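Letter by letter, the chains look like this.
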Amino acid sequence: MRPFMHNMRGTSTLPVLLAVVAVAALFLLPNFVESTYALHIMILIFISIIMGSGWNILGGYTGQYSVGHAAYFGVGGYTTIILMQYRHIAPWYGVWAGILVAVAIALIIGTICFRLRGPYFVLASIAVAEIFRVTALNLKKLTNGAEGILITDIPPFKIGDVVITDFMSKVPFYYIGLVTLIIAIFATWMLQNSKLGYYFQAIREDQDAAHSLGINLTIYKNVALACSVVFTSLAGSLYGLYVGFIDPSTVLALDLSVQIVMTCIIGGIGTIFGPVIGAVVLVPFSEALRSNMIAQAIIDSGLVSENSGFGFFLKEQLSHAHVLIYGILLVVVILYMPDGILGFVRKLTSKRRKEAI
Amino acid sequence: MAVFLQSMLSGILIGGVYALIGIGLTIIFGVMRVINFAHGDVLMIGMYMTYFLFTLLHIDPFVSIVVTIPLMFLFGAFLQKVFINRVLGALPQNQILLTIGMGLVMSNAVMLAFTSDYKILSTKYSSSSFNILGISISSPLLISFAITIIITVALYWFLYRTDTGQAIRATAQDRGAAQLMGINVKRMSIIAFGLGAALAGTAGALISPTYYIFPQVGSVFTLKAFVITVLGGMGSIVGATLGGVLIGIAESVGGVYFGSGWKDVIVFMVFLLVLLFKPSGLLGTSKD
Amino acid sequence: MAILEIKHVSKFFGGLAANSDVSFEMVSGMIMGLIGPNGAGKTTLFNCITGYYPPSRGEIIFDGHRMNGLHPDAVCKLGMARTWQKVRPLAKMSVVDNVMVGALCRTNSLKKAREMAMEKIHVVGLGNRVKFLAGSLPIGERKKLEVARVLATQPKLLLLDEVMGGLNPAESEEIIQLILDIKNIGITQMVIEHDMKAIMRISDRIVVLNSGEKLAEGNPQEIVSNKAVVDAYLGGE
Amino acid sequence: MNKAIVALMLALMCIFPAVVTAEAVKLGFINSITGPEAPIGENLTNGVILAIEDLKEKGINVDLIKEDDTGKPEKSMAALEKLATRDKVVGIVGPYTSATSNADAKMAERYKVPLLIPAASKEEITRQNLQWTFRTSGTTGDYATILLEMASKLGQPKTLAILNENTDFGVSAANSAKAVAEKLGIKLVFEEAYSKGSPDYRSTLAQAKAAKPDLVFMVSYVADAILLMRQSREIGLSPMAFIGAGAGFSVSQFASEKEISHGIFSSTQWTEDVPWGNSKAWYQRYEKKFGKSPTYHAACAYESMMIMGQAASTVGGDREKLRQQLRTGKWNGILGEVSFTDYDGYQNQRKAQMLVEQVQNGKHETVWPSELSAKKPIWPFPGWTK
């Protein structure tokens, strides 16, 4: 391994230090923050980062744009929860089973679908996810169909006789999410700086060239998929356990697949921190839109009176319009920041640098 | 047997409308290589247009396509010129997300404007039918099937017999070569998207009397359109026509023999198999 | 000793024969020129040899291995590497990363791969471009990058598909020198080229393809004086 | 990376609790305002708007915080979380769907905030020993029971076909119907869960017809309800009776399709005919204000908000007191007398008096039970008009 400074593209030691500080701060956060609402948003951000990082390995680094990752998210979540609810297998074992099942399924699908390229692969990935969704709807004995599975209680996690956590508050989920996301980021970093990472990127840049350089496309694409699915499945399990409810229309939906891709693209794909930035921007933004906080803030700040026509419009209509705004945002980002926020920022700084010279 | 014939027939009739949706998508894909995730939402716009023409101006839905087609064409051309055009060279995932975003904007803008109520367009003939040999045939569905055939024939004439049509087909076959041959590819793209939107809008108009209308209705049809397009071979108009009818039949007959819950699985399985083993579509000539 | 034997290779696309019944041999250490008019089937033959298409008929023996049905990655591992007529840089990766991808075919260590890559980069003369993105290089340097990348896979046989295409005379001259240098290291090469002067200069032997068939084979003098070749091909120049 | 931290800080600033000042009763309302459930969600919103007006008239000022859950459980949880911890509301009305209600019910338990579910009918929601969750809506079991009991009294149906949409509500209602039918000795001869939004149900209906059922029980929302009946008419499916489990079959949009709606039964929790409260006047007021007639969802949401508002006005922001109020109180409004009791394995569940309506000449008429009915039921199904 070479020293840090060269490995992380475009970054140097200072940001790494900052990252360490940020992680430390995140670990201490629950001790200072009483608002469980804030913790809830943080946990959603974490889950979003984990699934984004997972997708990023396949989509960002290897260039295989799956718009069907909800399939693996759902398989992971369902496996863990079915095992817990019907077989009484504790989730910290079930999660591994979830990963195993998801990876096994992914490898079968990958072997079949990876011969497709470009838009054809995208469509195949959507079809796979839809097959999973409809299957989950129909296998009522296994998945309880459209009614979904409601978790009664997560057994307390014990080592020996010592209860580590009983999962009654959000804090354990917060830490599990945080640790998993750090692992996901670290794994991405490791990948980027390994033979695998080089091979993945070579496949992304030019499959045929990569093939001629001794890279077995089927094997390496499947390896990328497997790595990707590990985190996607973990995110799914974590989501299911945290929300306490799982049903096909939430965990196996096309919406979710799109959301995963969107997190990465908005942050910047094929970069370690792309999914992080994507999640940190998207989750609070959509929450603020959903709960009408933005309109409220505009009114509270005194810019617009609540009783004026515009104020009324903001208060009553903006909450209806949040998906619309989300859509507009998406269009604007794609048109004006096609490389995501990270790419945009990088372009700005490099421009400034050039101007300085 | 009666059940089988019944489901065959309604499958074929519904399939005609699916074909229109598929043809629209396939032209767009063929010419621009962009997968249009907003296709269903464009169809939804067509439905609302038909609905308001009917309720406000009392224009029969089947007559209203005379208005719908040109309007939707302009709408499609506008979308292409303002949005799609800017991502033609971009990464496929960016194109996909852009069209998804456009779809979200369309469906939610419509929701804000007209609420998310289900709108049901009730004509005198909405639920009329007649019987032949114990098989009932829905009159509006039959009319819409007939119109589909007329439009498809007109479209074939346009694409195969006019210069513009041939230029579109040439662009669909090989964008680069078409450009070298002096075809104004940009213009073709605008026309293609306009055509695609017009066809989707027409399909929307045709199913309005027998279906219902709400802002999110598009998603049902977007996925179907993909399946149809791939089945027929992306970019193949004949293929999409047949693909539409095939999917109509597969859904209808599959629903009977595998249960309607599983019919989508069957449709998507067929879709995957075609993608894998005959990526050029059922009709396409395979290139070794 | 023959390092590569092409035995009666044919390749059909639909009903069309892109190659039909092509046979020749290459001896270790030589440079074989492969020429022919456009559409003669040169690149198709490359693709058959390197595993992109399975040949419809015939056999390809490389270094004692039967190559039919092997995929390009396996072909590369056996020691045969190719460049592309239309260059294929890994655009968003740096020059050194591009070459490392080639080197990783032989090692699992990034450190070793980097050393190997740096060495090849210096061989082709891109030492001052190490950290540039491959996509930002001009065409001449992309061609060199492509050569460095295949060299890093440590091939016994190198197939170069029009490495001088689109280059100015000075750049072409650099590439010619590079090819001769590679020959001196002891790597066998097969070269597709349109520039007749260059191909005559560097080739030990030349195979002429026309409409998918082998028209002639011999050393440069023989080819220049071969009537069939002159009629079919050189005469047209 | 620096940017990431800045962004994080900004995000946190958005989230941290704002200063709260409240004089009025602070209540939350979670609903599906956008998303696929929005069409019905709108009825709930309208009902609540009327309730807030009426509460004001009673001198109860409600500071209502509306939250949209887009029909997704995790969004709904976020909404509840925000209401309970950041906005510090006393009580919450909502959410709409069964899936979101289920998720929120557990969360309400954790935050000890009274949650009053207006319209979700999945049985399990109030069968989990939850202390803080109350439900105004009847359950899917109630829907099926009244319909099948009525059918058994009016005729002697022996066989039953069930067609339900493959959603949480559809499946729960179908399951309840199966259980009730078994109790009454009615045999199930055909069952199909269809995926909603399909333009063509003809093949499924042709199959149902081939099974020759006496009763056809359907669960679907209005759009599919109209489609199903249109296509039943085309196919010529004509059993002893069509019975629909509320939802789509009980809205006026369905009834107005005279050709296909005449003679169809549906169960519901509220109609304008009921003698409870000032239902008739409320119906007219709703129609005038929103330009459409109210569904039972609207009535349930209205009553839920009325109950929540009245109960909360006396407790001065104390959630535990509010919970006691809800457990012990009795209210009289457009749903008749409402109280939340424990019975049949339910907790804090309103024992809903269900009604059966029949569409007669394009209008819903309450036909069952006889003591609450305005008209006599038409039995059996009169057949399709030509």
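These figures come from a predicted structure and were not determined experimentally.

(A) Representation of the overall build of chain A. For chain A, the helix and strand inventory stands at 18 helices and four strands. Compactness check: chain A gives a C-alpha radius of gyration of 21 Å against a globular reference of 21 Å for 357 residues, within 12% of the reference. The principal-axis extents of the C-alpha atoms in chain A amount to approximately 65 × 65 × 45 Å. In chain A, buried positions account for 63% of the 357 residues.

(B) Examining the overall build of chain B more closely. The helix and strand inventory of chain B stands at 11 helices and two strands. For chain B, the succession of helices and strands along the chain, N to C, is α-α-α-α-β-β-α-α-α-α-α-α-α. Computed over its C-alpha atoms, the radius of gyration of chain B comes to 18 Å, within 12% of the 19 Å expected for a compact globule of 288 residues. The dimensions of chain B, computed from C-alpha atoms along their principal axes, are 60 × 50 × 35 Å. When the 288 residues of chain B are sorted by exposure, 62% land in the buried category. Summarising the internal contacts of chain B: among those between residues at least 6 apart in sequence, 77% fall at separations of at least 24. Of the roughly 10500 Å² of accessible surface on chain B, 71% is carried by carbon and sulfur atoms. In chain B, which carries 14 positive and 8 negative side-chain charges, the distance between the mean positions of the two groups comes to 7 Å.

(C) Seen up close, empty space enclosed by the protein. All names here are of chain A. The full count for this structure, using the stated rule, is nine cavities of 30 Å³ or more. Approximately 90 Å³ is the volume attributed to the second largest cavity. Around the second largest cavity, the lining residues are Leu58, Ser66, Gly68, Tyr72, Ile109, Gly110, Cys113, Phe114, Phe121, Ser125, Val128 and Leu225. Listing elements by their share of the lining of the second largest cavity, those giving two or more residues are α5 (91–113) and α6 (118–138). Partitioned by chemical class, the residues of the lining of the second largest cavity number eight nonpolar, four polar and no charged.

(D) Representation of the interface of chain C and chain A within the structure. Taken together, the 27 residues of chain C in the interface contact 21 residues of chain A. Viewed at the interface, chain A and chain C are joined by two salt bridges. A salt bridge links aspartate 208 of chain A to arginine 88 of chain C; its shortest N-O distance comes to 3.5 Å. In terms of residue class, the side of chain C that touches chain A is made up of 13 nonpolar, five polar and nine charged.

(E) Inspection of the pattern of salt bridges at higher detail. Under the criterion given, the structure shown has 38 salt bridges over all chains. The salt bridge involving aspartate 63 of chain C is made with lysine 156 of chain C; its shortest N-O contact spans 2.6 Å. Taken together, the positions of aspartate 63 of chain C in the loop between β4 (57–62) and β5 (65–66) and lysine 156 of chain C in the loop between α5 (139–151) and β7 (157–161) put the pair 93 residues apart, joining distant regions of the chain. Each of Arg117, Asp206 and Asp208 of chain A together with Arg88 of chain C takes part in one network of salt bridges that share partners.

(F) Here's a closer look at the interface of chain D and chain A. Chain D puts 45 residues into the contact, and the matching count from chain A is 45 residues. Where chain D abuts chain A, roughly 4000 Å² becomes buried across the two surfaces, and 68% of that area is made up of carbon and sulfur atoms. Taken together, the connections running from chain D to chain A amount to three salt bridges. The shortest N-O distance in the salt bridge between lysine 122 of chain D and glutamate 147 of chain A comes to 3.3 Å. Summed over the shared surface of chain D and chain A, the number is six residue pairs in polar contact (both at pLDDT 80 or more). Contributing elements (two or more residues each) for the side of chain D that touches chain A: α1 (2–15), β2 (62–68), α3 (73–86), α4 (98–111) and α6 (168–184) of chain D.

(G) Just the arrangement of the chains, in detail. Across the five pairs of chains in contact, the largest number of contacts is found between chains A and D. One finds no contact between chain C and chain D; the C-alpha atoms of the two approach each other to within 21 Å at their closest.

(H) Focus on the sheet that holds strand β1 (residues 2–13) of chain C. With antiparallel pairing, four strands are arranged side by side in an open sheet as β2-β1-β4-β5 (chain C). Each edge of the sheet is formed by a strand with only one pairing partner; in this case those strands are β2 (16–27) and β5 of chain C.

(I) Region of the structure containing the side chain of histidine 69 of chain A. All names here are of chain A. Along the chain, histidine 69 falls in the loop between α3 (36–61) and α4 (70–87). Judged by relative accessible area, which is 1%, histidine 69 ranks as buried. Among all residues touching histidine 69, those that are not within four sequence positions of it are Trp55, Leu58, Leu225, Ser228, Thr232, Ser257 and Ile260.

(J) Here's a closer look at the environment of threonine 126 of chain D. All names here are of chain D. Looking at the element boundaries, threonine 126 is found in the loop between β4 (115–117) and β5 (133–135). Sequence-wise, threonine 126 and glutamine 349 are 223 residues apart; in three dimensions their C-alpha atoms are separated by 6.6 Å. A polar atom in the side chain of threonine 126 sits 2.8 Å from the side chain of glutamine 349.

(K) Representation of the packing of helix α9 (residues 195–205) of chain A against helix α11 (residues 217–243) of chain A within the structure. All names here are of chain A. Where α9 contacts α11, the two axes come as close as 10 Å, and the packing angle between them is 110°. As far as their axial angle goes, α11 and α9 are roughly perpendicular. Judged by the twist between their axes, the crossing of α9 over α11 is left-handed. When α9 is examined against α11, the residues Lys195, Leu196, Tyr199, Phe200 and Ile203 are found in contact with a partner set consisting of Leu217, Tyr220, Lys221, Val223 and Ala224. For the contact of α9 with α11, the residue count by class is eight nonpolar, no polar and two charged.

(L) How the structure looks around helix α11 (residues 279–290) of chain D. All names here are of chain D. Across its 12 residues, α11 extends 16 Å between first and last C-alpha, which sits within 8% of the 16 Å expected from 1.5 Å per residue. Every buried residue of α11 is listed here: Ser279, Trp282, Tyr283 and Tyr286. Buried residues of α11, seen end-on, are gathered within an arc of 105° and therefore sit on one face of the element. Within two residues after α11, glycine 291 carries a phi angle of roughly 70°, on the positive side.

(M) Summary view of the sheet that holds strand β6 (residues 159–165) of chain D. All names here are of chain D. Strands sit in the order β7-β6-β8-β9-β10-β15-β16 across an open sheet of seven strands; the sheet is mixed. Looking along the sheet, the strands with just one partner apiece sit at the ends: β7 (187–194) and β16 (363–368). Ignoring strand direction, the axes of neighbouring strands in this sheet form an average angle of 25°. Those strands touched by α6 are β6, β7 and β8 (215–219), and its axis lies near 165° from that of β6.

(N) Representation of a nonpolar patch on the surface within the structure. All names here are of chain A. Side chains of Val23, Phe27, Leu28, Phe32, Val179 and Ile183 sit close together on the surface and give an oily, nonpolar patch of about 530 Å² of accessible area. For the nonpolar patch, the secondary structure elements donating two or more residues are α2 (13–32) and α8 (171–192). With four residues, α2 is the single largest residue contributor to the nonpolar patch. By the secondary structure assignment, valine 179 is in helix α8. Given a relative accessible area of 37%, valine 179 falls into the partly exposed group.

(O) Just the environment of valine 256 of chain B, in detail. With respect to the secondary-structure elements, valine 256 of chain B resides in helix α10 (residues 237–258). Judged by relative accessible area, which is 9%, valine 256 of chain B ranks as buried.

(P) The side chain of threonine 100 of chain D, seen in detail. All names here are of chain D. Mapped onto the elements, threonine 100 comes out in helix α4. Reaching out from threonine 100, the side chain makes a polar contact with the side chain of threonine 97 at a distance of 2.6 Å. Those residues in contact with threonine 100, other than ones at most four positions away along the chain, are Asp69, Gly71, Lys72, Pro73, Ser76 and Pro95.

(Q) Expanded view of the confidence of the model for chain A. With 92% of its residues at a pLDDT of 70 or more, chain A has an overall mean of 86. Of the regions scoring below 50 in pLDDT, residues 1–10 of chain A engages in 18 contacts with residues more than four places distant in sequence or in other chains.

The rules behind the values
Residues numbered from 1 in each chain as written. Chains lettered and ligands numbered in written order. Predicted model: local features only at pLDDT ≥ 70, side-chain atom pairs only at ≥ 80, totals over all residues. Heavy atoms only, no water. Helix = DSSP H or I, 4+ residues; strand = E, 2+ residues; numbered from the N terminus. Rg over C-alpha atoms; globule rule 2.2 N^0.38 Å. Buried < 20%, exposed > 50% of the residue type's maximum accessible area, 1.4 Å probe, protein only. Contact = heavy atoms within 4.5 Å. Areas by Shrake-Rupley, 256 points an atom, 1.4 Å probe, with all protein chains shown as cover. Lys, Arg positive; Asp, Glu negative; His and termini not counted. Charge placed at Lys NZ, Arg CZ, Asp CG, Glu CD. 1 Å grid on protein atoms, 1.4 Å probe; cavity = no way out; pocket = protein on both sides within 12 Å on 5 of 7 lines; lining within 4 Å. Points joined across faces, edges and corners; volume = space filled by probe spheres on them. Nonpolar A, V, L, I, M, F, W, Y, C, P; charged D, E, K, R; others polar. Salt bridge = Lys/Arg side-chain N within 4 Å of Asp/Glu carboxyl O. Buried area = accessible area lost by both parts, 1.4 Å probe. Polar contact = N/O pair within 3.5 Å; in protein donor to acceptor, adjacent residues only side chain to side chain. Pairing = 2+ DSSP bridges. Axes fitted to C-alpha atoms, helices over the stretch in contact; angles between N-to-C directions. Parallel < 35°, antiparallel > 145°, perpendicular 65-115°, else oblique. Left-handed = near helix turned anticlockwise from the far one by under 90°. Expected span 1.5 Å × (residues − 1). Arc of directions from axis to C-beta. Patch = residues over 30% accessible without salt bridge, like charges linked within 9 Å, V, L, I, M, F, W, Y side chains within 5 Å. pLDDT = per-residue confidence, 0-100.

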